[in-house]
Amino acid sequence: MFQPFKEYLEEELFSRFDLSSRSIPAGLESNLSDRGKNQATIQSWCYQCPQLRKIRYTYIDAGETAQVFNSVMYPSHNYQMPLLGIDFLSFGKKKILVVLDFQPLFRDRAYLDKYIEPMRTVRDKYNELAQNLEMKFYDANQYFSKYLLFAKTDADTVVNRLFPAYQEYIQLYWQMLESAEQFTAPEQVQRIIKAQQDYDQYSADRDPAHGLFSSYFGSEWAERFLYEFLFEDAVPLA
Ligand code: BLA
């Protein structure tokens with residue numbers, strides 16, 4: 001369902017950036033769940049380059065039952081840029097949930113004008129993918145922008161609307177990264193480091209996928225996957 005999205009991202013990354021592999025802790029790169037006929041595989045990839053200190057994406061393939069493509073780009077600590085967040089989920093052909101956003105690290109007016117307002121023209125072309133759904137796990141006012149795509153949708157819309165929207169958001173993200181202001185003063189860099197860490201902590205503690213990972217791969221693996229790979233700068237809750 002979301003393989004073309006993964007392939008597009010890979011083509012973009014490999015052609016535009018000088019990537020090197022970033023290690024994934026042993027045992028977390030992939031896993032296989034074999035519960036009779038409900039087979040599921042999970043596989044993750046992780047890279048870095050001068051502009052992006054962590055590029056990770058994960059694909060879960062449980063056949064008809066579940067297909068998930070999830071990704072986060074973490075800019076280098078010299079950029080205040082939002083993180084690029086992607087979470088596309090399909091459970092059967094009927095239940096499809098898609099989320100795509102530039103996830104802001106700060107919320108002051110100047111920041112939002114600089115890093116979030118540019119999304120508006122793209123967002124306005126894809127109204128049907130911005131449904132103002134209520135968030136149950138997260139707070140929409142933390143680490144989400146007002147121009148996020150967030151929709152319950154169908155397979156046709158994924159192909160015909162989400163795919164072009166996804167390409168436009170990614171192109172805009174590269175553009176923004178290319179022209180982004182660089183911060184080098186230690187106190188500014190420290191503020192960015194802290195904001196990215198807070199994002200990891202917030203995300204790990206609330207991740208709605210915890211149950212899904214546990215049910216397929218066990219709770220111990222799920223915990224490690226969240227705190228050692230997906231959001232490695234988070235500290236596990238006591
Ligand atoms: C929701 N994301 C979800 C749900 C799951 C995942 C299972 C709940 C779906 C439901 O309501 O039935 C899955 N989350 C994952 C997976 C990973 C993960 C598989 O981290 C990791 C491999 N989530 C993100 C990112 C964004 C994001 C980067 O990981 C940003 C675009 C958004 N996911 C997001 C939002 C919801 C969601 C906004 C709805 C949550 C809510 O209602 O509060």
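Notes on the structure in this doc start here. The shown structure was predicted, so the numbers you read here are calculated from the model rather than taken from an experiment.

A closer look at the overall build of the protein
Okay, so step 1: For the protein, the helix and strand inventory stands at seven helices and eight strands.
Okay, so step 2: The C-alpha radius of gyration of the protein comes to 17 Å, within 12% of the 18 Å expected for a compact globule of 238 residues.
Okay, so step 3: The proportion of buried residues among the 238 residues of the protein is 51%.
Okay, so step 4: By sequence separation, contacts in the protein at least 24 residues apart represent 63% of the contacts at least 6 residues apart.
Okay, so step 5: Taken as a whole, the protein presents about 11,300 Å² of accessible surface, with 49% of it coming from carbon and sulfur.
Okay, so step 6: Side-chain charges in the protein split into 25 positive and 33 negative, and the spacing between the mean points of these groups amounts to 4 Å.

Some words on the pairing of strand S6 (residues 83–91)
Okay, so step 1: Most of S6 sits out of view: seven of its nine residues are buried.
Okay, so step 2: Pairing of strand S5 (residues 66–75) with S6, which is carried by seven bridges, proceeds in the antiparallel orientation. Note that in S6 the partner of phenylalanine 69 across the bridge is phenylalanine 88.

Some points on the site of the ligand
Okay, so step 1: Not every one of the 25 residues close to the ligand is listed here, only the nearest: Asp87, Lys95, Lys136, Phe137 and Asp207.
Okay, so step 2: In the model, a nitrogen atom of the ligand is placed 2.6 Å from a nitrogen or oxygen of the aspartate 87 side chain.
Okay, so step 3: For the ligand, an oxygen atom lies 3.0 Å from a polar atom in the backbone of tyrosine 138.
Okay, so step 4: In the complex, the protein chains occlude 94% of the 860 Å² of accessible area that the ligand would expose alone.

Some words on the pattern of salt bridges
Okay, so step 1: In total, this model carries 14 salt bridges according to the counting rule given.
Okay, so step 2: Bridged by salt links that share partners, the residues Glu117, Arg120, Arg123 and Asp124 form one connected network.

A word on the packing of helix H1 (residues 3–16) against helix H4 (residues 155–179)
Okay, so step 1: For the pair H1 and H4, the least separation of the axes is 11 Å and the interaxial angle reads 20 degrees. By the angle between their directions, the pair H1 and H4 is classed as roughly parallel. Here H1 and H4 pass one another in a crossing that is right-handed. Across the interface between the two elements, Pro4, Phe5, Lys6, Tyr8, Leu9, Glu12, Leu13 and Arg16 from H1 touch Val158, Leu162, Phe163, Tyr166, Gln167, Ile170, Gln171 and Trp174 from H4.
Okay, so step 2: Broken down by class, the residue content of the contact of H1 with H4 amounts to 11 nonpolar, two polar and three charged.

With respect to unusual backbone geometry
Okay, so step 1: Positioned with a positive phi, asparagine 132 is a non-glycine residue whose angle comes to about 55 degrees.
Okay, so step 2: Mapped onto the secondary structure, asparagine 132 falls in the loop between helix H3 (120–125) and strand S8 (149–153).
Okay, so step 3: A relative accessible area of 74% places asparagine 132 in the exposed class.
Okay, so step 4: Non-glycine residue tyrosine 143 carries a positive phi angle of around 65 degrees.
Okay, so step 5: Within the secondary structure, tyrosine 143 is located in the loop between H3 and S8.

Things to note about the nonpolar core
Okay, so step 1: One finds Phe69, Phe88, Tyr166 and Phe213 to be the most contacted residues of the largest nonpolar core, which totals 84 residues.
Okay, so step 2: No other element matches the 11 residues that H4 contributes to this core.
Okay, so step 3: In this structure, Val99, Met135, Leu148 and Phe150 belong to the second largest nonpolar core, which totals five residues.

A few points about the packing of aromatic side chains
Okay, so step 1: Across all of its chains, the model carries 32 aromatic pairs by this definition.
Okay, so step 2: Ring geometry for phenylalanine 106 against tyrosine 111: centres 5.5 Å apart, planes inclined by 85 degrees, an arrangement best described as edge-to-face.
Okay, so step 3: Under the relative-accessibility criterion, phenylalanine 106 is labelled buried at 11%.
Okay, so step 4: The class of tyrosine 111 is buried, set by a relative accessible area of 3%.
Okay, so step 5: Measuring from centroid to centroid gives 4.8 Å for tyrosine 111 and tyrosine 115, while their planes differ by 45 degrees, and the two rings are tilted. A residue pair is termed a helical-turn pair when its members lie 3 or 4 positions apart in one helix, as tyrosine 111 and tyrosine 115 do in helix H2 (residues 109–115) at four residues.
Okay, so step 6: According to the relative accessible area criterion, tyrosine 115 is buried, its value standing at 2%.

Definitions and limits used
- Residues numbered from 1 in each chain as written.
- Predicted model: local features only at pLDDT ≥ 70, side-chain atom pairs only at ≥ 80, totals over all residues.
- Heavy atoms only, no water.
- Helix = DSSP H or I, 4+ residues; strand = E, 2+ residues; numbered from the N terminus.
- Rg over C-alpha atoms; globule rule 2.2 N^0.38 Å.
- Buried < 20%, exposed > 50% of the residue type's maximum accessible area, 1.4 Å probe, protein only.
- Contact = heavy atoms within 4.5 Å.
- Areas by Shrake-Rupley, 256 points an atom, 1.4 Å probe, with all protein chains shown as cover.
- Lys, Arg positive; Asp, Glu negative; His and termini not counted.
- Charge placed at Lys NZ, Arg CZ, Asp CG, Glu CD.
- Pairing = 2+ DSSP bridges.
- Near = heavy atom within 4 Å.
- Polar contact = N/O pair within 3.5 Å; in protein donor to acceptor, adjacent residues only side chain to side chain.
- Salt bridge = Lys/Arg side-chain N within 4 Å of Asp/Glu carboxyl O.
- Axes fitted to C-alpha atoms, helices over the stretch in contact; angles between N-to-C directions.
- Parallel < 35°, antiparallel > 145°, perpendicular 65-115°, else oblique.
- Left-handed = near helix turned anticlockwise from the far one by under 90°.
- Nonpolar A, V, L, I, M, F, W, Y, C, P; charged D, E, K, R; others polar.
- Core = buried A, V, L, I, M, F, W, Y, C linked by side-chain atoms within 4.5 Å.
- Phe/Tyr/Trp six-rings, centres within 6.5 Å; stacked < 30°, edge-to-face > 60°.

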